[in-house]
2 protein chains.
Amino acid sequence: MMDKIKEIKQKVIESLPKKVKVKDVEFEGPFLVVYVKNPQELANADIVKKLAKDLRKRIIIRADPKSLKPKEEAEKIIRQIVPEDAKITSIFFDEEYCEVIIEAEKPGVVIGKGGSTFRKILKETGWSPRVVRTPPLKSKTIESIRSYLLSVREERKEILKRIGESINRPILHADKWVRVTFLGGAREVGRSCYLLQTPNSKILVECGINVSGNQPPYLYIPEIQPLDSIDAVVITHAHLDHCGLVPVLFKYGYRGPVYLTPPTRDLMVLLQLDFIEVASREGTTIPYESHWIRTALKHCITLDYGVVTDIAPDVRLTFYNAGHILGSAIAHFHIGEGLYNIAFTGDFKFERTRLFDKAETNFPRLEALIMEATYGGSQDFQPSRKEAEENLIRIVNETISKGGKVLIPAFAVGRSQEVMIVLEEAIRTKKIDEVPVYIDGMIYEATAIHTAYPEYLNAHLRDLIFHQGINPFISESFVRVDSPSKRQEVIDSSEPCVIISTSGMLNGGPVMEYFRALAGDEKNTIVFVGYQAEGTLGRRIQKGWKEVPFTVDGRREVVKVNMRVETVDGFSGHSDRRQLMNYVKALSDKPEKIITVHGEESKCIDLASSIYKTYKIETRAPMNLETIRFI
Amino acid sequence: MMDKIKEIKQKVIESLPKKVKVKDVEFEGPFLVVYVKNPQELANADIVKKLAKDLRKRIIIRADPKSLKPKEEAEKIIRQIVPEDAKITSIFFDEEYCEVIIEAEKPGVVIGKGGSTFRKILKETGWSPRVVRTPPLKSKTIESIRSYLLSVREERKEILKRIGESINRPILHADKWVRVTFLGGAREVGRSCYLLQTPNSKILVECGINVSGNQPPYLYIPEIQPLDSIDAVVITHAHLDHCGLVPVLFKYGYRGPVYLTPPTRDLMVLLQLDFIEVASREGTTIPYESHWIRTALKHCITLDYGVVTDIAPDVRLTFYNAGHILGSAIAHFHIGEGLYNIAFTGDFKFERTRLFDKAETNFPRLEALIMEATYGGSQDFQPSRKEAEENLIRIVNETISKGGKVLIPAFAVGRSQEVMIVLEEAIRTKKIDEVPVYIDGMIYEATAIHTAYPEYLNAHLRDLIFHQGINPFISESFVRVDSPSKRQEVIDSSEPCVIISTSGMLNGGPVMEYFRALAGDEKNTIVFVGYQAEGTLGRRIQKGWKEVPFTVDGRREVVKVNMRVETVDGFSGHSDRRQLMNYVKALSDKPEKIITVHGEESKCIDLASSIYKTYKIETRAPMNLETIRFI
Ligand SMILES: [Zn+2]
Ligand SMILES: [Zn+2]
Ligand SMILES: [Zn+2]
Ligand SMILES: [Zn+2]
Ligand SMILES: [Zn+2]
């Protein structure tokens, strides 16, 4: 390894202009850090771009600590350089990394056109600037993640160095093959987990829990044992059926990187903490303790969409927008030097929604696609988004006009924000009377995380936020419910209102209290906007049960359901059958092989056979524990 | 483990009559050894049968060493008990095992009707008798295997004990699944290697070399790493594409059992030793040294056809006749208690041949079959055996009548013996004039091994040998060529004759000298009875080349081919297309799934699709490195 890094240092020196004085180079996860004595010489962006191209590596330039301006002086210079309207809220110096972290309301202004302001800061202070957004809503999750990562930054540096060395290890096997083993999520929804393997690398894509939360993927099979033989874990999005068991990997010995987008990291931590909290509150055994969530977090490496990154000796990863939830990604793997390209869609929506652009179809190359099939059945058509919205607005209006309350059970991440945007616009454009929209449960926190990553929202919403100054998430129509007394107030009030609350299937959470209080009155309405699994209270109500059993403080009672019960389809974050088929057609590069997963057995098989018949692409709907070879 | 064996001892005591005094019980590979102070009490066979049934284990009864008669006295008693016509050739006492090994020309007579003589020996001497056949032809291989195993018997006892404990370890995983990973031999002929896996066990079926001898199966994949995580290796037959790399497993850390039939063990050692000898003579790197062949031999556990044996906590193995070569077996695995049954055919012949009965089709239960597809193509029909024999006899007669010599290149194990039997019968029944049939190369040794295992030959041949006193293998028509001078004599003689010699494809061996000497004379004939691979000299001659290049003692020369060149199809040890299809039809239990392997890509696919179309059985023709799940 020493030789390798010496060799790379030599290449760096050769690639850079002679005047640049390279002190050291070092791996940091998938990045190559170049310590320079005179970083001001690198103020020209093209030099670094050329270096990255010459080395085929992602480069971070840092100043040699000796060439750094003292912190107080540097802060003064930064405040002078950065225009006022960037609205800097704090500046923090990280001596370990020779970095200055600038928190600002408008990070783009700190970066400057083409990174010009950034480079000016580097040139004049020696410190490498890193900019983070000051979120308009305070997110406890983001704050505690940031402060935790700062507190472990020395350990993290060691971790990243080790990961970097592993990525850059020599290639041992000359054989060329690519295969995928299905450890979970094949012919089922839940516990997604796939092993992508080459002779030299093992990549675990997803590590989820199943719906009931108690059946893990087949993590004990020899392909991934010992767990530390895995090179990298890649997570497409924060739903627990995709990432719920990542901490378990660490509990049983994994110590490698977890690659995900920045919003996925934050939402994942939020949902994992909630998962074990709910489980321990309900007295079920939890698969891991909270410190394993932190251990996993320490190993997270975030990547934005479109950035090509080495994650193993012969594997490059690029995330693309999946349109499903905030930060959701299609994971595209480039294997070998042009040998093979394979993408995992994760969950994806091939339709523009209120929040996100539709899933990406444009890949440089694509030989194989592993795609979801949740709505892969031949009858799985959903109404259009427009119809769904009109339906929802109509129902809300009808209820309000009678003086009733509308209760919308929703899962914290995804549907909640979608519905919020619809209601906000409807109120703003007077399609609905101005009534309060109460937000209860984890939804508020999840929404706060959305506001921290506006660049992950679609162009329309970004335009609204950045150029028209309208951030629908922080609209005054939304009222946060953050205490039992406040909740009681909402329930007791005689005014009409809308309540969005977790959980989405009425199997726990504050929605239960609202339902119990509101169910008896026929003026009120409950609106289901998401899938209700068999066996949940939500499903029973949806089916028309007029009396439902309830347990309150250990006492059993029966709740009479007199309220209006409505289901509004069309808000799903999953592609329906038509969108799934259209997605395959829209791909810029027609794959040779398509594998269907993340759907009931019949849906995976149906979609696979329809794709084969329609597009003459070889398809398979594998079982868990099977391995398919691609090349 | 101590508790387990105590528990079993208790069960043994409960199952046996009270008067039997059990001293100890011990695992010995898949067997349970019961040491008894008064073995004479077990002279009734039904008691041991009941014990085996109660414990669902294979039982070996041994006397407590203290109850053994002194060796000289015991030998006297044995010679009195055993009838004269058993023709005992030696008696050897193995104190370690409390066994007496009796070598006799007629082992059946030593055993007695229903084992009666056997039990009498046990009862009167205390020593457990084991009988081995005195082969009519001396086999150096068998002799050296016997003496090697005796020399390491203490170490072997330890090995068997360890294996026994491993087989009887508790079952850890409650999951129920069965899957097979293809490490070699899928969509190709050569390097057969399949991993049969359950949540609790890993069984490696075959470990062969490929045709060119330099591409091993994918032994480096994580499913079987470390190699000592494998519970058992099972070998269907001695051809090197099925067992050539077994010693490599030991070289890289495997220390578990190798299950095979007794003839397969002996032929395997013969062929492996020859393989590395030829390779080192030709200067190619050998994959293992000869001591690894001995290490593997030390771990061999032989099983006869039809004997159900525990080989892992949840796997039972039974071998059935495959009709392909001496000792060739179909390996049938019973998994769990009635959970699943899967059989690997290895290479098989579904037609009665001169040597063997046709492959077994009668299995207690069978859900899945992994079958060979060498001749799986829709056009792969072979002439009948009868036609082939008539052809061969005609060609021999035509050549002899002109005073010429017939040269038959043949692989040492399989075709050679088949052709020998045909020629012997033709000479005996005067269909061919009495000419000498010279046997050169490893064929003699392989034939000697055949004579040691007449019970592995078909009923007709056994009848001929045992009841009619005609052992065709030791007919006076056959003359062994065992020195260069003898070979020169054969070549120089002007008399007509038949020469059977290795190698079968004219890529080395003594056949080369015969060919060089005989090719120029048009009176002579070369007859190909086996497949000639592309690129071999055999193939060129078969194609009609009139001049072939030759290297003798480093000098190049050209050999003119004036001799008659003939190919006689129909002697193959593989089932042709019709036989493959008929085999599936003839199975006593129709499997749910059939997997085709051991054939070129097109043949595997063609056979799979024909079986599906004809019998509506789900089929697959997997690729190497793929995994198929069965339940
Ligand atoms: Zn385990
Ligand atoms: Zn999802
Ligand atoms: Zn999902
Ligand atoms: Zn064979
Ligand atoms: Zn074979």
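Residues numbered from 1 in each chain as written. Chains lettered and ligands numbered in written order. Predicted model: local features only at pLDDT ≥ 70, side-chain atom pairs only at ≥ 80, totals over all residues. Heavy atoms only, no water.

Chemist: Quick question: what am I supposed to make of the overall build of chain A here?
Modeler: Broken down by element type, chain A carries 20 helices and 28 strands. C-alpha extents for chain A along the principal axes are approximately 80 × 55 × 45 Å. Relative to its 631 residues, chain A shows a buried fraction of 60%. By sequence separation, contacts in chain A at least 24 residues apart represent 72% of the contacts at least 6 residues apart. As displayed, chain A has an accessible area near 25600 Å², and 50% of this comes from carbon and sulfur atoms. (Helix = DSSP H or I, 4+ residues; strand = E, 2+ residues; numbered from the N terminus. Buried < 20%, exposed > 50% of the residue type's maximum accessible area, 1.4 Å probe, protein only. Contact = heavy atoms within 4.5 Å. Areas by Shrake-Rupley, 256 points an atom, 1.4 Å probe, with all protein chains shown as cover.)

Chemist: Got a minute to help me understand the domain arrangement of chain A in this structure?
Modeler: Interface size is often expressed as the accessible area that is lost when the parts come together. All names here are of chain A. Each domain of chain A was delimited in the assignment, giving domain 1 (2–151), domain 2 (153–379 + 574–629) and domain 3 (390–567). Residue-level contacts link 21 residues of domain 1 with 28 residues of domain 2. When the two sides are added together, the surface that domain 1 and domain 2 hide from each other amounts to roughly 2300 Å², 57% of it contributed by carbon and sulfur. Taking the shortest distance from any N to any O, the salt bridge between K57 and D310 comes out at 3.7 Å. Counting the contacts that link domain 1 with domain 2 gives eight residue pairs in polar contact (both at pLDDT 80 or more). Those elements that place two or more of their residues in the side of domain 1 that touches domain 2 are β1 (22–28), β2 (31–36) and α6 (140–151). Element by element, the count of residues in the side of domain 1 that touches domain 2 is highest for α6, at seven residues. Considered class by class, the residues forming the side of domain 1 that touches domain 2 number 10 nonpolar, three polar and eight charged. (Domains from an automatic or database assignment. Buried area = accessible area lost by both parts, 1.4 Å probe. Salt bridge = Lys/Arg side-chain N within 4 Å of Asp/Glu carboxyl O. Polar contact = N/O pair within 3.5 Å; in protein donor to acceptor, adjacent residues only side chain to side chain. Nonpolar A, V, L, I, M, F, W, Y, C, P; charged D, E, K, R; others polar.)

Chemist: Would you explain the UniProt feature "domain: Beta-Casp" (unreviewed entry) in chain A in this entry?
Modeler: As recorded in UniProt, the feature "domain: Beta-Casp" (unreviewed entry) lies at residues 416–541 of chain A. Along residues 416–541 of chain A one finds 43% helix and 13% strand; the C-alpha atoms at either end are 20 Å apart. (UniProt positions renumbered as here; feature names shortened; annotations may be inferred.)

Chemist: Even after reading the chapter, I still don't get the relation of the copies chain B and chain A, so can you show me in this structure?
Modeler: Copies of the same chain, two in number, are related to each other by a rotation about an axis and a translation along it. Here chain B sits on chain A after a turn of 180° about the axis and a move of 0.1 Å along it, with an RMSD of 0.1 Å. Such a combination of rotation and displacement between the chain copies is what one expects of a two-fold axis. Of the interface residues in chain B, 100% have counterparts in chain A that sit at the interface too, so the contact is made through matching surfaces. (Least-squares fit on C-alpha atoms with pLDDT ≥ 70 in both.)

Chemist: Could you clarify how one ought to interpret the pairing of strand β13 (residues 309–312) of chain A in this entry?
Modeler: Residues and elements named next belong to chain A. Summarising the sheet, β13 and strand β14 (residues 315–321) pair through three bridges and their orientation is antiparallel. Considered in β14, the bridge of D310 is made with R316. Linking two consecutive strands that pair antiparallel, namely β13 and β14, is a turn of two residues. (Pairing = 2+ DSSP bridges.)

Chemist: Even after reading the chapter, I still don't get helix α2 (residues 45–55) of chain B, so can you show me in this structure?
Modeler: Residues and elements named next belong to chain B. Burial in α2 covers these residues: I47, L51 and L55. The buried side chains of α2 occupy one side of the element, clustering within an arc of 55° when seen end-on. Facing away from the buried side of α2 by over 90 degrees, the exposed positions are D46, K49 and K53. Looking one or two residues beyond α2, the residue adopting positive phi is R56, at roughly 50°. (Arc of directions from axis to C-beta.)

Chemist: How do you make sense of the UniProt feature "binding site: Zn(2+) 1" (unreviewed entry) in chain A when you look at a structure like this?
Modeler: Residue and element names in this part refer to chain A. Within this numbering scheme, the UniProt entry marks H237, H239, H324 and D347 as carrying the feature "binding site: Zn(2+) 1" (unreviewed entry). Sequence-wise these annotated residues cover 111 residues; spatially they are packed, their C-alpha atoms never more than 10.1 Å apart. Mapped onto the elements, H237 comes out in the loop between β10 (232–234) and α8 (240–243). H237 has contacts with E206, H242, C243, T264, H324, I325, S328 and D347, leaving out every residue within four places of it along the chain. Residue position: H239 is located in the loop between β10 and α8. For H239, a relative accessible area of 11% puts it in the buried group. Engagement of the side chain of H239 in a polar contact is seen with the side chain of H237, the distance being 3.3 Å.

Chemist: How do you make sense of unusual backbone geometry when you look at a structure like this?
Modeler: Trans is the prevailing form of peptide bonds, just as negative phi is the prevailing case for residues other than glycine. Here the amide bond leading from A:T502 into A:S503 is cis, since omega sits at -5°, within 30 degrees of zero. With respect to the element layout, A:S503 can be found in the loop between β21 (497–501) and α17 (511–518). Its identity as a non-glycine residue notwithstanding, A:L625 has a phi of 80°, on the positive side. Here A:L625 lies in the loop between β27 (618–620) and β28 (627–629). According to the relative accessible area criterion, A:L625 is buried, its value standing at 0%. With a phi angle near 70°, B:E206 is a residue other than glycine that sits in the positive phi range. Inspection of the secondary structure assignment puts B:E206 in the loop between β9 (202–205) and β10 (232–234).

Chemist: Would you take a moment to explain the coordination of the zinc ion (ligand 5) for this structure?
Modeler: All names here are of chain B. Within the protein, the zinc ion (ligand 5) binds to D241 (OD), H242 (NE2), D347 (OD) and H598 (NE2); these donor distances fall in the range 2.1 to 2.2 Å. For the zinc ion (ligand 5), the four donor atoms in the first shell make angles of 89 to 161° at the metal, a pattern classed as irregular. On the primary sequence, the residues serving as donors to the zinc ion (ligand 5) are separated as D-H-x104-D-x250-H. Separation of the zinc ion (ligand 5) from the zinc ion (ligand 4) amounts to 3.4 Å, with D347 serving as a shared donor to the pair. In this pair, H242 is assigned in helix α8 (residues 240–243) and D347 in the loop between β16 (340–344) and β17 (368–372), connecting sequence segments 105 residues apart. (Donors = N, O, S within 2.8 Å, 3.2 Å for Na, K, Ca; no water. Tetrahedral: all angles 85-135°; square planar, octahedral: opposite > 155°, others 65-115°.)

Chemist: Would you explain the packing of helix α16 (residues 484–492) of chain B against helix α17 (residues 511–518) of chain B in this entry?
Modeler: Geometrically, a packed helix pair is captured by the angle between its two axes and the distance between the axes. Residues and elements named next belong to chain B. At their nearest, the axes of α16 and α17 sit 10 Å apart, and the two run at 30° to each other. Taken together, the axes of α16 and α17 are roughly parallel relative to one another. The handedness of the crossing between α16 and α17 comes out as right-handed. The segment α16 lies against α17, with R487, V490 and I491 engaging E513, Y514 and A517. Here the contact of α16 with α17 is composed, by residue class, of four nonpolar, no polar and two charged. (Axes fitted to C-alpha atoms, helices over the stretch in contact; angles between N-to-C directions. Parallel < 35°, antiparallel > 145°, perpendicular 65-115°, else oblique. Left-handed = near helix turned anticlockwise from the far one by under 90°.)

Chemist: What is the right way to read the coordination of the zinc ion (ligand 2) from this model?
Modeler: Four donors placed tetrahedrally about a metal ideally form angles of 109.5 degrees, and six donors placed octahedrally ideally form angles of 90 or 180 degrees. Residue and element names in this part refer to chain A. The protein atoms donating to the zinc ion (ligand 2) are H237 (NE2), H239 (ND1), H324 (NE2) and D347 (OD), with metal-donor distances spanning 2.2 Å. Around the zinc ion (ligand 2), the four donor atoms are arranged such that angles at the metal cover 90 to 165°; this shape is classified as irregular. Coordination of the zinc ion (ligand 2) draws on donor residues from a single chain, spaced H-x1-H-x84-H-x22-D in sequence.

Chemist: Whenever I open this one, the pairing of strand β21 (residues 497–501) of chain B confuses me. Can you help?
Modeler: In summary, the side chains of a regular strand alternate between the two faces of the sheet. Residues and elements named next belong to chain B. Of all five residues that make up β21, five are buried, and the element is covered over most of its length. With four bridges joining them, strand β19 (residues 437–440) and β21 adopt parallel strand pairing. Residue pairing for β21: V437 is matched across the bridge by V498.

Chemist: Which parts of the structure should I look at to understand the packing of aromatic side chains?
Modeler: We describe a pair of aromatic rings using the distance from one ring centre to the other and the angle between the two ring planes. Residue and element names in this part refer to chain A. Counting across every chain of the model gives 30 aromatic pairs over all chains. Three or more aromatic residues joined by ring pairs form one cluster here, namely F182, Y194, F333 and F344. Of note, K593 hangs over the ring of F630, and the distance from its end group to the ring centre comes to 5.4 Å. (Phe/Tyr/Trp six-rings, centres within 6.5 Å; stacked < 30°, edge-to-face > 60°. Lys NZ or Arg CZ within 6 Å of the ring centre and 35° of its normal.)

Chemist: Help me understand the pattern of salt bridges in this model?
Modeler: Close approach of charged atoms allows side chains with opposite charge to pair. This structure, assessed with the given rule, holds 83 salt bridges over all chains. Its salt-bridge partner being B:D94, residue B:R153 comes within 3.0 Å of it at the nearest N-O pair. Placement of B:R153 in helix α7 (residues 153–167) and of B:D94 in strand β4 (residues 88–94) is noted, with a sequence separation of 59 residues between them. Judged by its relative accessible area of 26%, B:R153 falls in the partly exposed class. With relative accessibility at 2%, the residue B:D94 sits in the buried group. Its salt-bridge partner being B:K138, residue B:E143 comes within 3.5 Å of it at the nearest N-O pair. Accessibility expressed as a relative area gives 54% for B:K138, which makes it exposed. In this structure, a network of salt bridges that share partners links the residues A:R56, A:K57, A:D310, A:R316 and A:E337.

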